[in-house]
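Here's the letter readout for the chains.
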Amino acid sequence: MRGDAAGLTGMGLPPLDLCTMGKSIQWMNQDRLLADLDRLIRPGGGIALVSTGARASTVRPAWLDIIESVCADVIGPGYRQEHGPAAHPAEGRDDALARSAFSRVETARWDQTFTRTLDELVGLQSSFSYSSPAALGTRQAAFEERLRRELTAFSPNGTFANTAPIEAVIATRP
């Protein structure tokens, strides 16, 4: 099925036990989404919001600087603002959860190390709005070629590790 948050209740979904999301909730009409999920999620069910958290406890990998430099050079210095997602809402996710039916919130945090190959790391860039094929257009081949060249020079063995802080917010009905 294809759809978006605005049409969630019209998709013909069966009752749900769990809805999982990442940071996407930040760019949705949170009150509407949570009210719609209240109608769709069975009693005893809930919402899991899993994403990377603040990078207080881990070291930023140097290869991220290479990706950012290539993005800035190929796409432009304001690439995140120009092609990134809409601004975060003025109110945070936690306030919307507190007002919703899913106001009982527990949070778990941990660090997880991911190791990606060169192909995985270059492919991952296509999933970001600012470096997607649509945003890059005719610059995509040049972007990928330069990214591969510079990342290979940084790590000739073609592996890239990152320890990321993970946050899981579990929201259920009281």
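Summarised in this report is the structure supplied together with it. Keep in mind that this is a model prediction, so the values were computed, not measured.

1. Observations regarding the overall build of the protein
Part 1: The number of helices and strands found in the protein is 7 helices and 4 strands.
Part 2: Overall, the protein shows an N-to-C arrangement of helices and strands of β-α-β-α-α-α-β-α-α-α-β.
Part 3: A separation threshold of at least 6 residues defines the contact pool for the protein, and within that pool the share at least 24 residues apart is 84%.
Part 4: When the accessible surface of the protein is split by element, carbon and sulfur atoms take 54% of a total near 10000 Å².
Part 5: Computed over 18 positive and 20 negative side-chain charges, the inter-centroid distance for the protein is 2 Å.

2. Overview of the packing of aromatic side chains
Part 1: One pass over the structure, following the stated rule, counts 2 aromatic pairs.
Part 2: With a centroid separation of 6.0 Å and an interplanar angle of 75°, the aromatic rings of tryptophan 63 and phenylalanine 160 are classed as edge-to-face. Placement of the pair is tryptophan 63 in helix H2 (residues 63-74) and phenylalanine 160 in strand E4 (residues 159-172), with a sequence separation of 97 residues. When sorted by exposure, tryptophan 63 lands in the same class as phenylalanine 160, which is buried.
Part 3: Centroid distance phenylalanine 128 to tyrosine 130: 5.5 Å. Interplanar angle 10°. Geometry classified as stacked.
Part 4: A cation sits over an aromatic face here: arginine 116 above phenylalanine 114, 5.4 Å from the ring centre.

3. Quick notes on the side chain of serine 132
Part 1: Note on placement: serine 132 falls in the loop between helix H5 (118-125) and helix H6 (133-136).
Part 2: Looking at serine 132, the relative accessible area reads 15%, which means it is buried.
Part 3: In this structure the side chain of serine 132 is engaged in a polar contact, spanning 3.3 Å, whose partner is the backbone oxygen of serine 129.
Part 4: Beyond its immediate chain neighbours, meaning those up to four positions away, serine 132 contacts Gln125 and Ser126.

4. Looking at the sheet that holds strand E3 (residues 104-117)
Part 1: Pairing is mixed in the open sheet, where 4 strands are placed in the order E1-E2-E4-E3. Both outer strands of the open sheet, strand E1 (16-21) and E3, are each paired with one neighbouring strand and no more. Taking each pair of neighbouring strands and ignoring which way they run, the sheet shows an average axis angle of 20°.
Part 2: Where E1 and strand E2 (residues 41-52) come together, 5 bridges link them in parallel fashion. Within E2, the position partnered with threonine 20 by the bridge is alanine 48.
Part 3: Relative to E2, helix H1 (residues 30-40) is tilted by about 135°, and along the sheet it contacts E1 and E2.
Part 4: Contacting E3 and E4, H5 crosses the sheet at an angle of about 125° to E3.

Definitions and limits used
- Residues numbered from 1 in each chain as written.
- Predicted model: local features only at pLDDT ≥ 70, side-chain atom pairs only at ≥ 80, totals over all residues.
- Heavy atoms only, no water.
- Helix = DSSP H or I, 4+ residues; strand = E, 2+ residues; numbered from the N terminus.
- Contact = heavy atoms within 4.5 Å.
- Areas by Shrake-Rupley, 256 points an atom, 1.4 Å probe, with all protein chains shown as cover.
- Lys, Arg positive; Asp, Glu negative; His and termini not counted.
- Charge placed at Lys NZ, Arg CZ, Asp CG, Glu CD.
- Phe/Tyr/Trp six-rings, centres within 6.5 Å; stacked < 30°, edge-to-face > 60°.
- Buried < 20%, exposed > 50% of the residue type's maximum accessible area, 1.4 Å probe, protein only.
- Lys NZ or Arg CZ within 6 Å of the ring centre and 35° of its normal.
- Polar contact = N/O pair within 3.5 Å; in protein donor to acceptor, adjacent residues only side chain to side chain.
- Pairing = 2+ DSSP bridges.
- Axes fitted to C-alpha atoms, helices over the stretch in contact; angles between N-to-C directions.

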